[in-house]
Each structure stands twice: as C-alpha cells, then as structure tokens.
Amino acid sequence: MAHTVKNRPLSPHLQIYRPIPTMIASIMHRITGGALYFGTVLVAWWLVALASGPDHFATVNWFFGTWIGMLVLFGYTWVIIHHMLGGMRHLMWDLGRGFEKHFSTRLAKAQFVASPVITVVIWIIAYLVR
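Here goes a summary of the coordinates provided. (Residues numbered from 1 in each chain as written. Predicted model: local features only at pLDDT ≥ 70, side-chain atom pairs only at ≥ 80, totals over all residues. Heavy atoms only, no water.)

**A word on helix H4 (residues 101–129)**
Helical geometry: 3.6 residues make up each α-helical turn, so side chains three or four residues apart lie on a common side.
For step 1, the next point in the chain: A rise of 1.5 Å per residue sets the reference length of H4, with its 29 residues, at 42 Å; its end C-alpha atoms lie 41 Å apart and thus fit the reference within 8%.
For step 2, the next point in the chain: Along H4, the residues classified as buried are Ser 104, Ala 108, Gln 111, Ser 115 and Thr 119.
For step 3, the next point in the chain: Buried residues in H4 make contact with helix H1 (21–52) and helix H3 (67–94). (Helix = DSSP H or I, 4+ residues; strand = E, 2+ residues; numbered from the N terminus. Expected span 1.5 Å × (residues − 1). Buried < 20%, exposed > 50% of the residue type's maximum accessible area, 1.4 Å probe, protein only. Contact = heavy atoms within 4.5 Å.)

Pasting the structure below:
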C-alpha cells in the first residue's frame, strides 16, 4: 500500500513554488503579450485619427503629449521591448540552445535589466531627434 501525504495539493500551484527568474520571465512574457493587445488599440486610434483629418489627429497627438499619454506610451514601449526580448529567448530555445539552468537564469535576469534600459535609450534618442 502506497504511503500518502495529507494536506498536499493534487497539482502544484504558484503558491507552492519559490519564484525564480525564469518563472517570473515566463509570467511577464504572458502579461506583456496581453498588454500588447491593448497597446495596439492605441496604435489603431492614432492611425484612424491620421486618416480622419487634422482635427482628429491633433486631438490624439494632444492626448499623447500629456503626462498621462506619455506615461502610457512609455509603458507601451517597455512592453514591446520586454516581450520582444522574451520572444528572442524563446526563439533561442526553439533552436535548441540555452537550456542550461544557470545560463537560462542569467538570461532571464538580463531581460529584466535590458528591457528598461533599452526603453530609456529609445526615449532619449526620440527626444534628441524630436
């Protein structure tokens, strides 16, 4: 007769596992993927306004020029960059590379550092070109 342990879930859940960088990167990849759907609505709004004439376009540009609009655009930029870096990590795995535990962990940590740094660099360049 098999020994059973009581008070254990039948299936492990997030409350059981200690969060590790690769787990958090995976969860963030899903979250940023979902956020991209909402951010794409902003891109569509901007394109529709562009096609609708100067008054509509001025309204959208005014909104994106406010501090709330800039914050939304900054967040959307970070979401795109973070999701892209996660996608590159997944592409590497699809090619059969980077499965070593320590390398995969370092790559996940690097993604959390690189995504805000790249986002800030993009915004600095955009500000200087503007």
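**Comments concerning the packing of aromatic side chains**
For step 1, the next point in the chain: Taken as a whole and judged by the stated rule, the model has six aromatic pairs.
For step 2, the next point in the chain: Between Trp 45 and Phe 63 the ring centres are 5.6 Å apart and the planes differ by 55°, which places this aromatic pair in the tilted class. With Trp 45 in helix H1 and Phe 63 in helix H2 (residues 54–65), this residue pair connects regions lying 18 residues apart in the sequence.
For step 3, the next point in the chain: Residues Trp 45 and Phe 64 carry aromatic rings whose centres are separated by 5.6 Å and whose planes lie at 65° to one another, so their mutual orientation is edge-to-face. (Phe/Tyr/Trp six-rings, centres within 6.5 Å; stacked < 30°, edge-to-face > 60°.)

**Focus: the packing of H3 against H4**
For step 1, the next point in the chain: Interhelical geometry of H3 versus H4 gives an angle of 145° and a closest axis separation of 9 Å. As H3 packs across H4, the resulting crossing turns out to be right-handed.
For step 2, the next point in the chain: Across the contact of H3 with H4, the residue classes break down as 18 nonpolar, seven polar and one charged. (Axes fitted to C-alpha atoms, helices over the stretch in contact; angles between N-to-C directions. Left-handed = near helix turned anticlockwise from the far one by under 90°. Nonpolar A, V, L, I, M, F, W, Y, C, P; charged D, E, K, R; others polar.)

**Remarks on the environment of Ala 108**
For step 1, the next point in the chain: Note on placement: Ala 108 falls in helix H4.
For step 2, the next point in the chain: The exposure class assigned to Ala 108 is buried, which follows from its relative accessible area of 0%.
For step 3, the next point in the chain: It is 6.0 Å that separates the C-alpha atoms of Ala 108 and Ala 25, two residues lying 83 residues apart in sequence.
For step 4, the next point in the chain: Residues within four places of Ala 108 in sequence aside, it is in contact with Pro 21, Thr 22, Ala 25 and Arg 89.

**Regarding the side chain of Ser 104**
For step 1, the next point in the chain: Counting through the fold element by element, Ser 104 comes out in helix H4.
For step 2, the next point in the chain: Residues within four places of Ser 104 in sequence aside, it is in contact with Thr 22, Trp 93 and Gly 98.

**What about a nonpolar patch on the surface?**
For step 1, the next point in the chain: Taken together, the side chains of Phe 74, Val 120, Ile 124, Tyr 127 and Leu 128 define a hydrophobic patch exposed on the protein surface, amounting to about 530 Å² of accessible area.
For step 2, the next point in the chain: Among the elements that line the nonpolar patch, the one with the most residues is H4, at four residues.
For step 3, the next point in the chain: Mapped onto the fold, Ile 124 is located in helix H4. (Patch = residues over 30% accessible without salt bridge, like charges linked within 9 Å, V, L, I, M, F, W, Y side chains within 5 Å. Areas by Shrake-Rupley, 256 points an atom, 1.4 Å probe, with all protein chains shown as cover. Salt bridge = Lys/Arg side-chain N within 4 Å of Asp/Glu carboxyl O.)

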